[in-house]
Every structure is written in structure tokens, then in C-alpha cells.
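Structural characterization, general
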Amino acid sequence: MAAMTEYQTITGSEAVLRDGTIKLHGPAGFEGMRKAGRLAADILDALYDLVKPGVTTGELDDVVRQMTLDGGGVPATLGYRGYTHSCCISLNNVVCHGIPGDKVIREGDILNIDVTPLVDGWHGDSSRMYIAGEIPLRARRLIEVTYECLMIGIDHAKPGARLGDIGAAIQAHAEGHRYGVVREFCGHGLGRIFHDAPEVVHAGRAGTGPELKPGMFFTIEPMINLGKPGVKMLSDGWTAVTRDRSLSAQFEHSIGITETGCEIFTKSAKGLDGPFG
């Protein structure tokens, strides 16, 4: 028999623990997530003019850190489990958690930038794809389909649905284009905790998993590979790359389940959160 899902109602600013329960938030939580999500979106919007050949990933990380501080937040990744940077920047065949540094962006590169400002105790977690100059058609199509996967997943996020509905819809769309869906990394609950229950796997079977209820906050962040779905970790303990060295793409939004559907907390006010800004 499957384990029963436990939910916990959060009424205000009381202390919350990473205890395996799925948190259900009220109006104060939605307002906190809107503020954090707005800053995340603004930061990602600003990076479109900065991503270009010749720029280093470390320079972009510096911008993310300063914009987060100027916006009244702190980078949630800075110091998280020993991580020493303000965002993750994943180029080409890096699936996720690429470490910013001296790496120079080159013509034709594709990259994912993942930011999480922590604002007044709430986490705004989001990522987008960026391109440097002209990119191959196969890379462009991968980015487009990955964004479609994100939005298809969000379309299935509504009260009464099951978490498996989201993963099944994403998997069907990606595999319909003969792309690989990464399983080793997934979306997650968040709010006042960075990574919380539930895990949001981007593949699965419809009608399975916890029921979605109003007040649930979580990310949807499909990682889609041009080739096979397999990944491997590099020796730095953070960077995950495709096993077959194929390109990988990812988009991420933080959402909250409402009475009628869901709210995207990290949506760009400028409409720049599509496949190419």
C-alpha cells in the first residue's frame, strides 16, 4: 500500500521544518512568494543584454549577486551546502548546477542560468536558457521544446490533479520529439525552505503521486537532453553533465496552486521568460 501523503497548513510566519510534509500556504505565503519571484524574474530579465561571447560565467555571477543584494534579498545558493556562488550557470552539455568561474562564453553556446533570491524569508527559484550569438538549429529546437515542456507541466498544475500528471505530460512531449528526460534531478517544494517536499519528477504516470491542493508551492524545472537521458556527476560534486555529451536545456518557474489553477510567481513582467527572451 502506498504511503499516505501528509500536508501541513502554514497560517503565518511560524517556523517550518523540512519534515517530509507538503506545506499548504495562505495569503501571506502567496504575497511573500510574489515578492521573491518578482526579483528572480527581474534578475533573469537583466541578463539577456549581458550574455554574449567573451563574457565569463563569473562575471554574470557577480551581476546576479549584486542585483540580488540591491533588490533587498540574498542569494540562497551562497553558502548552501558549501556552494560559494550566487547562481548556477550550465553551458551546453551541462545539465544543471554548473559552477560560475573563469569559463568564457563562446559564439554558439547555450546556457541555463538558475537564480534563487531569498527575500524576507521566501525563495524565488527560477531559471532560463540564454544563447550566445548564432546557435545551431538543433540547439534552438531543443530550447523551444524544453520551454514547451515547462508550460505543459504548468498547465497540468491545478487542484485535484496528481503530481504524476505533470511528469507524464512533460515526458510525453519531450519523448515525442525523441529527447531524453532527466530523472536524477527534479523540481521541489519551496517557500520558506529552499528544497522541501514534494519532489516533482518530470516523468511518470498520470493519476499517481500526491494530490495537488491549494496553497502548495513548488518548482517545475524540466531538464531535457538532445540525446539520451543519462547524466553523470563531475568530480567537483556539483556539476551534472550528459553521459553522451549531448546538449541539455532547462527552464524553471516557481508556482503556487490556487483554487482554480496555479499562479506563476517567477513570471517576467516584461514577457522575457519565453524560449529566447
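Description of the structure in this document. (Residues numbered from 1 in each chain as written. Predicted model: local features only at pLDDT ≥ 70, side-chain atom pairs only at ≥ 80, totals over all residues. Heavy atoms only, no water.)

**Observations regarding empty space enclosed by the protein**
Formally: Any residue with an atom within 4 Å of a point lines the site, the site being either a cavity, points on a 1 Å grid over the protein atoms alone where a 1.4 Å probe fits but cannot get out, or a pocket, an open set with protein on both sides within 12 Å along at least 5 of 7 lines. Grid points are joined across faces, edges and corners, and a volume is the space filled by probe spheres set on the points. The secondary structure listing takes helices from DSSP runs of H or I that are at least 4 residues long and strands from runs of E that are at least 2 residues long, numbered from the N terminus. Only Asp, Glu, Lys and Arg are considered charged, only Ala, Val, Leu, Ile, Met, Phe, Trp, Tyr, Cys and Pro nonpolar, and every remaining residue, Gly among them, polar.
Counting across every chain of the model gives two cavities of 30 Å³ or more. Approximately 60 Å³ is the volume attributed to the largest cavity. As for the largest cavity, its lining consists of Val-16, Lys-23, His-25, Gly-189, Leu-190, Gly-191, Arg-192, Ile-193, Asp-196, Ala-197 and Phe-217. When residues of the lining of the largest cavity are traced back to their parent elements, those giving at least two are strand E2 (22–25) and strand E12 (196–200). Of the residues that constitute the lining of the largest cavity, the class distribution is five nonpolar, three polar and three charged.

**A short note on the sheet that holds strand E4 (residues 88–91)**
This is how the line gets drawn: Two strands qualify as a pair provided DSSP detects at least 2 bridges between them. Only the contacting stretch of a helix is used when fitting its axis, a line to C-alpha atoms as for every element, and angles between N-to-C directions run 0 to 180 degrees. We call two residues contacting when some pair of their heavy atoms lies within 4.5 Å.
Strands sit in the order E4-E6-E9 across an open sheet of three strands; the sheet is antiparallel. If you trace the sheet from one side to the other, it starts and ends with E4 and strand E9 (126–131), each paired once. Averaged over all neighbouring strand pairs, the angle between strand axes comes to 20 degrees, with direction disregarded. Pairing analysis gives six bridges linking strand E6 (residues 110–115) to E9, with the strands arranged antiparallel. The residue bridging Leu-111 from the neighbouring strand is Tyr-130, located in E9. Along the sheet, helix H2 (residues 57–70) makes contact with E4 and E6, crossing E4 at roughly 150 degrees.

**Thoughts on the nonpolar core**
Here is the rule we go by: Here the nonpolar core consists of buried residues drawn from Ala, Val, Leu, Ile, Met, Phe, Trp, Tyr and Cys, with membership extended through side-chain atoms lying within 4.5 Å. Relative accessibility decides the category of a residue: with a 1.4 Å probe and only protein chains considered, values under 20% of the type maximum give buried, values over 50% give exposed, and everything between is partly exposed.
One finds Ile-166, Leu-212, Phe-218 and Ile-220 to be the most contacted residues of the largest nonpolar core, which totals 34 residues. Secondary structure elements with two or more residues in this core: E2, helix H3 (137–155), helix H4 (163–176), strand E13 (217–220) and strand E18 (253–257). Ranked by the residues each element gives to this core, the list is headed by H3, at eight residues. Formed by 26 residues, the second largest nonpolar core is a distinct cluster that contains Leu-39, Leu-60, Ile-105 and Phe-217.

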